[in-house]
Amino acid sequence: MYNLVIFGAPGSGKGTYSAQIMEEFGFDHISTGDVLRGEIKNGTELGKTAKQYIDQGQLIPDSLMIDILASVYDSKKGAKGMIFDGFPRTIVQAEALKAMLTERGEKITRTLNLIVKEEELMRRLLKRAEIEGRADDNEETIKKRFAVYENQTKPLIEWFRNEGVLTELTYDGDRAKMDASISAAVKAIL
Ligand code: ATP
Ligand code: MG
């Protein structure tokens, strides 16, 4: 199975490009953000815990995320490919993903790092706030999420590079070009 990590700052387009790749290549998808928002909506214990972190722009504790990830992954066995959207977000999560895949005879096939300027990210997230009304898409919380990204998540780029799986794609303002780069990057691993 192809195991593709979609990586990038909040608002970089991880969800959007996951949808494109699912449609074009028939991959399945795990979005940890969507999983957590589903738990919140259903009022589960996990949802109650997650909400406290998400509303503050903080990450959910690694141990909790790692358990969730493994159970969702196992529930989607048999897919042609799997997209990891929003996971890993810390080095601990990356090591756990690697271990989980190794236990199952799998590995990270490739990571696509979506590089987008911070002003464009802010613009997109504020626009999304108007459309989707996500509680964490307000300017104050977005700034906290950017800081969390810089401190806890961005160091993973080097981790992926060391694993030899990193592909970097920079958005230069041309959406069609970015869409095509994503397709080409996925075709290259098939
Ligand atoms: P994008 O806009 O690119 O899809 P995002 O960062 O805006 O990404 P999500 O991936 O949906 O949004 O994550 C929303 C929140 O859910 C995070 O700020 C965090 O609190 C929590 N979360 C999601 N994935 C993880 C994870 N792997 N580890 C810890 N917390 C997570
Ligand atoms: Mg998302």
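These figures come from a predicted structure and were not determined experimentally.

A.B. asks: Honestly, the overall build of the protein in this entry has me stumped. Any pointers?
C.D. replies: For the protein, the helix and strand inventory stands at nine helices and five strands. When the helices and strands of the protein are read in sequence order from the N terminus, they spell out β-α-β-α-α-α-β-α-β-α-α-α-β-α. Here the C-alpha atoms of the protein give a radius of gyration of 16 Å, agreeing with the 16 Å that 2.2 N^0.38 yields for 190 residues. Principal-axis analysis of the C-alpha atoms places the extent of the protein at approximately 40 × 40 × 30 Å. Considering only residue pairs separated by 6 or more positions, the protein has 76% of its internal contacts joining residues 24 or more positions apart. A total of about 9,600 Å² of accessible surface is found on the protein, and carbon and sulfur atoms cover 50% of it.

A.B. asks: So what exactly am I meant to see when it comes to the pattern of salt bridges here?
C.D. replies: For side chains bearing opposite charge, pairing can occur when the charged atoms are close. Inspection of the entire model under this criterion finds 19 salt bridges. Here Glu-120 and Arg-123 are joined by a salt bridge, their closest N and O atoms 3.1 Å apart. Placement of both Glu-120 and Arg-123 in helix H6 (residues 118-132) is noted, with a separation of three residues, approximately one turn of the helix. Of the charged contacts, one joins Glu-158 and Arg-161 as a salt bridge, the two residues approaching to 3.0 Å between their closest N and O atoms.

A.B. asks: Explain the side chain of Lys-14 to me, please; I cannot follow it from the model alone.
C.D. replies: Note on placement: Lys-14 falls in helix H1 (residues 14-25). Buried charge without a partner: Lys-14 forms no salt bridge, and the closest opposite charge is Asp-85, 5.3 Å away. Within the local environment of Lys-14, its side chain forms a polar contact with the backbone oxygen of Gly-8, the two atoms lying 3.0 Å apart. Residues in contact with Lys-14, not counting those within four places in the same chain, are Ile-6, Phe-7, Gly-8, Ala-9, Asp-85, Gly-86 and Leu-114.

A.B. asks: What is the right way to look at the sheet that holds strand S4 (residues 110-115) in this model?
C.D. replies: Hydrogen bonding along the main chain pairs the strands of a sheet, whether they run parallel or antiparallel. Across the sheet, which stays open at both edges, the five strands sit in the order S2-S3-S1-S4-S5 with parallel pairing between neighbours. The sheet terminates laterally at strand S2 (28-31) and strand S5 (166-170), the two strands that pair on one side only. Across the sheet, the mean angle from the axis of one strand to that of its neighbour is 20 degrees, orientation sign disregarded. Examined bridge by bridge, strand S1 (residues 2-8) and strand S3 (residues 81-85) share five bridges and lie parallel to one another.

A.B. asks: Explain the site of ligand 1 to me, please; I cannot follow it from the model alone.
C.D. replies: Close contacts around ligand 1 come from 24 residues, with Lys-14, Gln-58, Arg-89, Arg-128 and Arg-145 the closest. At a separation of 2.7 Å, an oxygen atom of ligand 1 approaches a polar side-chain atom of Lys-14. With respect to ligand 1, the backbone of Gln-58 contributes an N or O atom lying 2.6 Å from an oxygen atom. Coverage of ligand 1 by the protein chains reaches 97% of its 630 Å² of free accessible surface. More than half of the atoms of ligand 1 fall within 2 Å of the grid points belonging to the largest pocket. Of all the secondary-structure elements, those providing two or more residues to the shell around ligand 1 are H1 and helix H2 (32-41). Examining the composition of the shell around ligand 1, we find that four residues originate from one element, H2, more than from any other.

Each value, and the rule that gives it
- Residues numbered from 1 in each chain as written.
- Chains lettered and ligands numbered in written order.
- Predicted model: local features only at pLDDT ≥ 70, side-chain atom pairs only at ≥ 80, totals over all residues.
- Heavy atoms only, no water.
- Helix = DSSP H or I, 4+ residues; strand = E, 2+ residues; numbered from the N terminus.
- Rg over C-alpha atoms; globule rule 2.2 N^0.38 Å.
- Contact = heavy atoms within 4.5 Å.
- Areas by Shrake-Rupley, 256 points an atom, 1.4 Å probe, with all protein chains shown as cover.
- Salt bridge = Lys/Arg side-chain N within 4 Å of Asp/Glu carboxyl O.
- Buried < 20%, exposed > 50% of the residue type's maximum accessible area, 1.4 Å probe, protein only.
- Lys, Arg positive; Asp, Glu negative; His and termini not counted.
- Polar contact = N/O pair within 3.5 Å; in protein donor to acceptor, adjacent residues only side chain to side chain.
- Pairing = 2+ DSSP bridges.
- Axes fitted to C-alpha atoms, helices over the stretch in contact; angles between N-to-C directions.
- Near = heavy atom within 4 Å.
- 1 Å grid on protein atoms, 1.4 Å probe; cavity = no way out; pocket = protein on both sides within 12 Å on 5 of 7 lines; lining within 4 Å.
- Sits in = over half its atoms within 2 Å of the grid points.

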